[in-house]
Every structure is written in structure tokens, then in C-alpha cells.
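A look at the structure
For reference, the chains in residue letters:
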Amino acid sequence: MSDQPVDSGKRTWLIASGCAGVVGGVAAAVPFVASFEPSERARAAGAPVEVDIGALKPGEKMTVEWRGKPVWIVRRTKEQLDNLPKLDPLLADPKSERKPDELTPPYARNEGRSIKPEYLVTVGICSHLGCSPSDKFQAGPQPSLPDDWTGGFLCPCHGSTFDMAGRVFKNKPAPDNLEVPPHMYLSDSRLLIGEDKKA
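Quick summary incoming for the structure in this document. Because the structure is a prediction, the values reported are computed rather than measured.

Rules used in this analysis
Residues numbered from 1 in each chain as written. Predicted model: local features only at pLDDT ≥ 70, side-chain atom pairs only at ≥ 80, totals over all residues. Heavy atoms only, no water. Salt bridge = Lys/Arg side-chain N within 4 Å of Asp/Glu carboxyl O. Helix = DSSP H or I, 4+ residues; strand = E, 2+ residues; numbered from the N terminus. Buried < 20%, exposed > 50% of the residue type's maximum accessible area, 1.4 Å probe, protein only. Pairing = 2+ DSSP bridges. Contact = heavy atoms within 4.5 Å. Core = buried A, V, L, I, M, F, W, Y, C linked by side-chain atoms within 4.5 Å. Axes fitted to C-alpha atoms, helices over the stretch in contact; angles between N-to-C directions.

**Some points on the pattern of salt bridges**
Counting across every chain of the model gives 13 salt bridges. The salt bridge partner of Glu 118 is Arg 75, with a shortest N-O separation of 2.7 Å. Highlighted residues: Glu 118 in the loop between helix 4 (100-103) and strand 4 (119-123) and Arg 75 in strand 3 (residues 69-75), separated in sequence by 43 residues. For Glu 118, a relative accessible area of 30% corresponds to the partly exposed category.

**Brief notes about the pairing of strand 4**
In terms of burial, strand 4 is a largely internal element, five of the five residues being buried. Side chains Tyr 119, Val 121 and Val 123 of strand 4 all project onto a buried face; the interleaved residues Leu 120 and Thr 122 project onto the opposite face, where all are buried too. In the sheet, strand 3 pairs with strand 4 via five bridges, with the strands oriented antiparallel. Its bridge partner being in strand 4, Trp 72 is matched across the sheet by Thr 122.

**Here we look at the environment of Leu 154**
Relative to the assigned elements, Leu 154 resides in strand 6 (residues 152-154). Residue classification places Leu 154 among the buried positions, given a relative accessible area of 9%. Considering only alpha carbons, one finds Leu 154 and Phe 137, 17 residues apart in sequence, at a separation of 9.7 Å. Those residues in contact with Leu 154 that lie beyond four places of it in its chain are Pro 133, Ser 134, Lys 136, Ser 144, Leu 145, Gly 159, Ser 160 and Thr 161.

**Here we look at the nonpolar core**
Counting residues in each nonpolar core, the largest one holds 15 residues, and the members touching the most others are Val 74, Phe 153 and Phe 162. The contacts of Val 74, once residues within four sequence positions are left out, are Leu 56, Glu 60, Lys 61, Glu 118, Tyr 119, Leu 120, Phe 137, Phe 153 and Met 164.

**A look at the sheet that holds strand 8 (residues 183-185)**
The pairing of strands in a sheet happens through backbone hydrogen bonds and is either parallel or antiparallel. Here three strands make up an open sheet; going across it, the order is 1-9-8 and the pairing antiparallel. What marks the edges here is a single partner per strand, and that holds for strand 1 (49-52) and strand 8. Taking the axes of each pair of neighbouring strands and ignoring which way they run, one obtains an average angle of 20° across the sheet. One ladder, built from three bridges, connects strand 8 with strand 9 (residues 190-193); its direction is antiparallel. Considered in strand 9, the bridge of His 183 is made with Ile 193.

Take a look at the structure:
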């Protein structure tokens, strides 16, 4: 062993330069790792959003963002599904025939406007002036709703109402049903919003 005294100045310099190297390495790694994520431009252009719906229970709704818009995923109950055909005479566009290419993809042009009957996937923006409707899933008389209400959505801005398939009722300010975005199921519990190549 050497009995030479430790040069504290050299030790401080080595520690400082080592720390600077680590900080520089981290600073270089952060942009590199961040480059794997979709850019803001890609997100704005509509990069698909993958959603885990495994924990969603019947009667519940979750909201995710796609293209800067709220997308609702509602797991409908059997009773809510059973009510849909009964409402057809009260709806402005029960078969989703208006603006089909804009509002309803071919795989959602059915009674439930969905791929899987129990799941509704729709953009939560009213077709009137762009307000966001409120959930009114509970059936029965309520303020601003008819006494025979079976559940759906109410736009608080001008009173437009939508059923549990996002279809607008007749004689309301909203001209069209809620938009169904492109989507597809990756598995029973994984949903991809913004892409429907396999649909």
C-alpha cells in the first residue's frame, strides 16, 4: 500500500466531472426516449388511443381524449339495450342514415350503434353547438326530461336529448346523432380508438 497523501482537489474534480457526465447522459437520454412517444403533431392529427375497458361495469362510463375531443365508452346494461328498439319512433335518425360517412362507420349502423352491443363508443360533443351533454342514465322523470325517460344524455345548453346509443330525439336543436369514432377491439378488454382496419 502507498502512504501518499490523498489529493482532495483532484478527488473533488473527479467527483464533479463524474456527476456532470451522469447529468449529461441523462439529458441526452431523455429526448431519445421521448422520441418513441407520438409527437404532439401526431396526437393532434388523430393518433389512435388504446384503452383498457376491463374494469368497466354495466351502467358505467369512462372518458378518454382522442383528437382533442372527449370519447365516451359506456357499458350498457341489458335493460338499456332492451329499450333501444322501443325508442325508434321518437328519434330523428334511428337508423343513423344522416351523414353516415361522417357520423357512423358501417360497423356501427345498427340499433346500438356499436360493434359489441353492450359497449357504446361515441364522441361526447353535441351536434348542435358543440356543448358536452351530461349523463342521464337513470330512468324516470327528472328535471328537463320527459316522464317516460329511459336513460341517455341531456345537453344542458339547449335541451337536446340523446338515447343510450347517442341517437338524438325528434324536435330538438341538435340536428344529428352523436358521432361514433373509428374504433376496433384488440381483445375483450382492449379498445383502440381512431383506427378500425380490422373492423
